[in-house]
Amino acid sequence: MESSLQNHFLIAMPTLADSFFYRSVIYLCEHDKNGAMGLIINRPTRVMLEELLSHLHIENPSESIKNTPVLFGGPVQKGQGMVIHDQAQSPWKSSLQLSDDVILTTSTDILEAIGTDEGPSNALVTLGYAGWSAGQLEEELMENSWLTVPASHELLFTTPAEQRWQAAAKSIGVDINLMSNLAGHS
């Protein structure tokens, strides 16, 4: 493999119209010779973070999380919670540094701190993830199923979920709404 796309966004091309990944933006957490793993960052669920925390018996009175939706991270292990966040003061039990300012945490201890002074200033909580076996993502890229762009902190944490698909494409000068939903190969 020439280069890793870890810490990049995958932007679903309009040709994926009938696909599970229709208009998805995926943050790639891992990408190596064994495959890839990422989180869909623009699919809010009907589950609010406050509800998820309550279900886990975590009491968090913070107003900032009351109307924050949990994101659908992908079709694999839909019950697995993952938190993608920026640097925080406290170390969490199960974290992986993905870039200088993005961390993936899978332990529930971070959920207890979200919305408090102890937690990260920016965080996305997801359920499930997207995964590719060895060579599968590269094949999809050759089929023009995805655009790739280096991840940005702003798009990941500041841009509203419903705007991330267009904003990610626009970050590389593409108006994705003008692209055909027919694939072509030369």
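(A) Region of interest: the pairing of strand 3 (residues 35–40). The buried count for strand 3 comes to 6 of 6 residues, which makes it a mostly enclosed element. Across the two faces of strand 3 the burial is the same, with Gly35, Met37 and Leu39 and Ala36, Gly38 and Ile40 all buried. As paired strands, strand 2 (residues 25–32) and strand 3 are joined by 6 bridges and run antiparallel to one another. Across the sheet, the residue bridging to Asp32 is Gly35, located in strand 3. Strand direction decides the pairing type here: strand 3 and strand 9 (residues 123–133), joined by 4 bridges, are antiparallel. Across the sheet, residue Gly38 finds its bridge partner in strand 9, namely Ala130.

(B) Focus on the packing of aromatic side chains. Evaluation of the coordinates by the stated rule reveals 6 aromatic pairs. Taking the centre distance of 6.3 Å and the plane angle of 80° together, the rings of Trp132 and Trp146 count as edge-to-face. Of this pair, Trp132 sits in strand 9 while Trp146 is found in strand 10 (residues 146–150), placing the two residues 14 residues apart along the sequence. Residue classification places Trp146 among the buried residues on the basis of a relative accessible area of 5%. Feature note: the residues Phe20, Phe21, Phe72, Trp132 and Trp146 constitute an aromatic cluster, connected by ring pairs.

What counts, and at which threshold
Residues numbered from 1 in each chain as written. Predicted model: local features only at pLDDT ≥ 70, side-chain atom pairs only at ≥ 80, totals over all residues. Heavy atoms only, no water. Buried < 20%, exposed > 50% of the residue type's maximum accessible area, 1.4 Å probe, protein only. Helix = DSSP H or I, 4+ residues; strand = E, 2+ residues; numbered from the N terminus. Pairing = 2+ DSSP bridges. Phe/Tyr/Trp six-rings, centres within 6.5 Å; stacked < 30°, edge-to-face > 60°.

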